[in-house]
Amino acid sequence: MRKTMQVIIDKNAGFCWGVVRAIEMAEKELNASGKLYSLGEIIHNPVEVERLREKGLTTISHEELKNAKGAKVLIRAHGEPPSTYEIAKKYGVEIIDATCPVVTKLQSRVRKFYLDGYRVVIFGKKDHPEVIGLVGQCDGNAIVIKSLEEIDKVPLTGKVVLFSQTTMSKDLFYKIKEELEKRVEELVVINPEDDAVEFIAKDTICRQVSNRDDKLKEFAKSVDVVIFVAGKNSSNGKVLYDICKAENPRTYFIETPKELNIEWFKDCETVGITGATSTPQWLMEEVKKAVEKLCNGQVDKEFQKPS
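## A word on the overall build of the protein
What the protein contains, in helices and strands, is ten helices and twelve strands. Taking all 307 residues of the protein together, the buried fraction comes to 50%. The contacts in the protein between residues at least 6 apart in sequence include a share of 71% that link residues at least 24 apart. Accessible surface computed for the protein: about 15300 Å², of which carbon and sulfur atoms make up 48%.

Below you can see the structure in the form of structure tokens.
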């Protein structure tokens, strides 16, 4: 391996503002009391979750919420449906609401269109916590699709509004929008006697996510190898990894430095480290150190988390 190999961390990678805010709110409470519950993992990054667990943050399930009477429970950046707040109130649970303001605004818009009689369609993953929160704004009556193949689920009569989970692919959102618009327009022309069909698409993809696309493409093309660091359950991570992989086939997805493989760096002069909006900066720094040691023949078996 060449000793002149450069390892560069993507300056645009790392926590989005919503995640930073949620972690700051959690750490403020932990510094004050040393104990806090999080309803579901605070972010989709197990290494950061473990760091916060060591500070006193305990992850609980929705089934366990009613047993947290008198305790403080953090609502993570993904947000929650109205039913969660009702349960917390019923059982005397104090909520620390770290819902990302972008998600809060999206929830409000979804609720408004639902109450105005629109059929709400959400481009997203039905089991993702953010989508569960959005569907809750529609009393469970929203339609969730994640691909062009699922467009047939959408009824084309009546008023339809399309929203997106904030971390989904912008390109795929607009492909779905265009396909639905084609079908709606055709329906109006062929059946003019039917009720007027109105289709509105709301691009609710987080700008901090979508604005990374072009910069990420440039970064992926500027290096020989890309190491993409993210939690395996990160929706945003999967989207951004696919963007990297499309631009640079030598892109590898890891969760921790222990997954690095020296074979990836053969005939390599530049390595780029990047990640999802849920990937902490300190972890990317540790991956950089591990790559440098690995390529100098020193395999890192352990790495340290910041205190």
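## Side note on the pattern of salt bridges
Summed over the entire model, instances satisfying the criterion amount to eleven salt bridges. Ionic pairing is found between E48 and R51, a salt bridge with its closest N-O pair at 2.7 Å. On the criterion of helical spacing, the pair formed by E48 and R51 is a turn pair, its members being three residues apart in helix α2 (residues 46-55). The residues E48 and R51 share a single accessibility class, namely buried.

## Quick notes on the sheet that holds strand β12 (residues 270-275)
Spatially, the four strands line up as an open sheet ordered β1-β12-β10-β11, and their pairing is parallel. A single partner strand is all that each edge strand has here, and the edge strands are β1 (6-9) and β11 (251-254). With strand direction ignored, the average angle separating the axes of adjacent strands in the sheet is 20 degrees. Here strand β10 (residues 225-229) runs beside β11; their pairing, made up of four bridges, is parallel. Bridge pairing links I227 to Y252 in β11. Here helix α9 (residues 235-247) sits on the sheet in contact with β10, β11 and β12, set at roughly 160 degrees to β11.

## Some points on the sheet that holds strand β4 (residues 72-75)
The sheet built from four strands is open, its strands ordered β3-β2-β4-β5 with parallel pairing. Edge positions in the sheet fall to β3 (57-60) and β5 (94-97), since each of these pairs with one other strand and no more. Taken over all neighbouring pairs, the strand axes of this sheet differ in orientation by 35 degrees on average, direction set aside. Pairing geometry for β4 and β5, over four bridges, is parallel. Bridged to L74 within β5 is I96. Contacting β2 (36-39), β3, β4 and β5, helix α1 (residues 17-33) runs over the sheet at an angle of about 140 degrees to β5. Contacts between helix α3 (residues 82-90) and the sheet are confined to β2, β4 and β5, with β5 contributing the most and set at about 145 degrees to the helix.

## Quick look at the nonpolar core
I227, L260, F265, V271, I273 and V291 are the most contacted members of the largest nonpolar core, which totals 23 residues. Every element with two or more residues in this core is listed here: β1, β10, β12 and α10 (281-294). At seven residues, the largest contribution of residues to this core is made by α10. When residues no more than four places from it in sequence are discounted, the contact partners of I227 are Y252, I254, L260, W264, F265, V271, G272, I273, T274 and V287. Core analysis: the second largest hydrophobic core is formed by 18 residues, A26, L30, I43 and A77 among them.

## Let's talk about the environment of L106
By secondary structure assignment, the location of L106 is in helix α4 (residues 101-115). Under the relative-accessibility criterion, L106 is labelled buried at 2%. Distance in space between the C-alpha atoms of L106 and Q165 is 8.8 Å, their sequence separation being 59 residues. The residues touching L106, leaving out its near neighbours within four places in the chain, are E130, L134, F163, S164, T166 and T204.

## Notes on α10
End to end, α10 covers 20 Å across 14 residues, agreeing with the expected 20 Å (1.5 Å per residue, within 8%). Of the positions making up α10, those classed as buried are W282, L283, M284, E286, V287, A290, V291 and L294. Residues of α10 that are buried sit in contact with β1, α2, β10, β11 and β12.

## Overview of the pairing of β10
Counting buried positions along β10 gives five out of five residues, so the element sits mostly inside the fold. Taken together, the five bridges between β10 and β12 define a ladder with parallel strand orientation. Its bridge partner lying in β12, F228 is registered against T274. Between the parallel elements β10 and β11, the chain passes through α9 in a crossover that is right-handed.

Rules used throughout
- Residues numbered from 1 in each chain as written.
- Predicted model: local features only at pLDDT ≥ 70, side-chain atom pairs only at ≥ 80, totals over all residues.
- Heavy atoms only, no water.
- Helix = DSSP H or I, 4+ residues; strand = E, 2+ residues; numbered from the N terminus.
- Buried < 20%, exposed > 50% of the residue type's maximum accessible area, 1.4 Å probe, protein only.
- Contact = heavy atoms within 4.5 Å.
- Areas by Shrake-Rupley, 256 points an atom, 1.4 Å probe, with all protein chains shown as cover.
- Salt bridge = Lys/Arg side-chain N within 4 Å of Asp/Glu carboxyl O.
- Pairing = 2+ DSSP bridges.
- Axes fitted to C-alpha atoms, helices over the stretch in contact; angles between N-to-C directions.
- Core = buried A, V, L, I, M, F, W, Y, C linked by side-chain atoms within 4.5 Å.
- Expected span 1.5 Å × (residues − 1).
- Right-handed = clockwise from strand over helix to strand, strands pointing away.

Shape descriptors only; they carry no functional weight alone.
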